[in-house]
Amino acid sequence: KVPRPELMNGTQLATYMKGFFEDKALYEGYTGGIPGAYQNPEQYGTGTDWYDVLTRRGAAQNYSLALSSGNDKSALSVTGGYFNQDGIVKNTGYKRFSLRVNGDVKLNDNIKVGVSLAPSMQMEHNNRQNRANSSGFNVDGQRAIFASALMMPSMGSPYNPDGCLSLGVGTFAN
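Below is a summary of the structure that appears in this document. (Residues numbered from 1 in each chain as written. Predicted model: local features only at pLDDT ≥ 70, side-chain atom pairs only at ≥ 80, totals over all residues. Heavy atoms only, no water.)

Tracing the backbone shows T92 in the loop between β2 (74-86) and β3 (93-106). A polar contact of 2.5 Å, which involves the side chain of T92, links it to the backbone oxygen of V89. (Helix = DSSP H or I, 4+ residues; strand = E, 2+ residues; numbered from the N terminus. Polar contact = N/O pair within 3.5 Å; in protein donor to acceptor, adjacent residues only side chain to side chain.)

This is the structure we're talking about:
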């Protein structure tokens, strides 16, 4: 099992933030009060585990088929392959299709001619953001996504009340 980062749940984080503002008032003379979002920490329960929101189990499929034929004067082999892997970050993955053809013919006792062909096609899905001349948001692969998720307040939700995906966490501040 892959180790997961230990993070505060919604109640724990709101309790911590409430204490932060209480200490700030007590020791620094802060007079802004405790923000409403932190006044009742128990309302959040476990909150959102942003690591779970981003990740999944990465499944892989690998298939190959080989055919060969030959006699004392010639030989032919053909191999085809398919590989598909879902990335552990949701909406990422990798696919590869491959083919290999080998053939040879014995022209006489001293001369044998052969040919090999091995094309492949690879498709990455959202594995590398911000390639040169693109407008992607992530300059270092997936690490910035994880760093951002670890900084998201666990009191927030990835979804709006109507069920559609939220593009921000609203009133919470770290």
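Picking up after the structure, the text goes on.
Before going further, it helps to examine the nonpolar core. If you look at the biggest cluster of nonpolar residues, it comprises eight residues: L13, A14, M17, F21, A37, Y38, Y44 and M155. Discounting chain neighbours no more than four positions away, the residues touching F21 are Y30, G33, I34, P35 and Y38. (Core = buried A, V, L, I, M, F, W, Y, C linked by side-chain atoms within 4.5 Å. Buried < 20%, exposed > 50% of the residue type's maximum accessible area, 1.4 Å probe, protein only. Contact = heavy atoms within 4.5 Å.)

What follows covers the packing of aromatic side chains. The tally for this structure, following the rule as stated, stands at six aromatic pairs. Residues F21 and Y30 carry aromatic rings whose centres are separated by 5.7 Å and whose planes lie at 45° to one another, so their mutual orientation is tilted. Grouped by ring-pair contacts, the aromatic residues F20, F21, Y30 and Y38 constitute a single cluster. Sitting over the ring of Y30, K24 keeps its end group 5.5 Å from the ring centre. (Phe/Tyr/Trp six-rings, centres within 6.5 Å; stacked < 30°, edge-to-face > 60°. Lys NZ or Arg CZ within 6 Å of the ring centre and 35° of its normal.)

Buried residues are scarce in strand β1 (residues 60-70), accounting for zero of its eleven residues. Summarising the sheet, β1 and β2 pair through eleven bridges and their orientation is antiparallel. Each bridged residue has a counterpart across the sheet, and for Q61 the counterpart in β2 is N84. (Pairing = 2+ DSSP bridges.)

What follows is about a nonpolar patch on the surface. A cluster of nonpolar residues, V105, L107, I111 and V113, forms a patch on the protein surface that exposes about 340 Å² of accessible area. As for its placement among the helices and strands, I111 is situated in the loop between β3 and β4 (112-117). (Patch = residues over 30% accessible without salt bridge, like charges linked within 9 Å, V, L, I, M, F, W, Y side chains within 5 Å. Areas by Shrake-Rupley, 256 points an atom, 1.4 Å probe, with all protein chains shown as cover. Salt bridge = Lys/Arg side-chain N within 4 Å of Asp/Glu carboxyl O.)

Time to look at the pattern of salt bridges. Per the counting criterion, the structure on display carries two salt bridges. Note that D104 is salt-bridged to K112, the shortest N-O span being 3.9 Å. The class of D104 is partly exposed, set by a relative accessible area of 25%. For D109, the salt bridge identified is with K106, shortest N-O distance 4.0 Å. With relative accessibility at 72%, the residue D109 sits in the exposed group. Judged by its relative accessible area of 37%, K106 falls in the partly exposed class.

What follows is about unusual backbone geometry. Of note in the backbone geometry, N91 takes a positive phi value of approximately 70° without being a glycine. Tracing the chain through its elements places N91 in the loop between β2 and β3.

The analysis is restricted to geometry; functional conclusions fall outside its scope.
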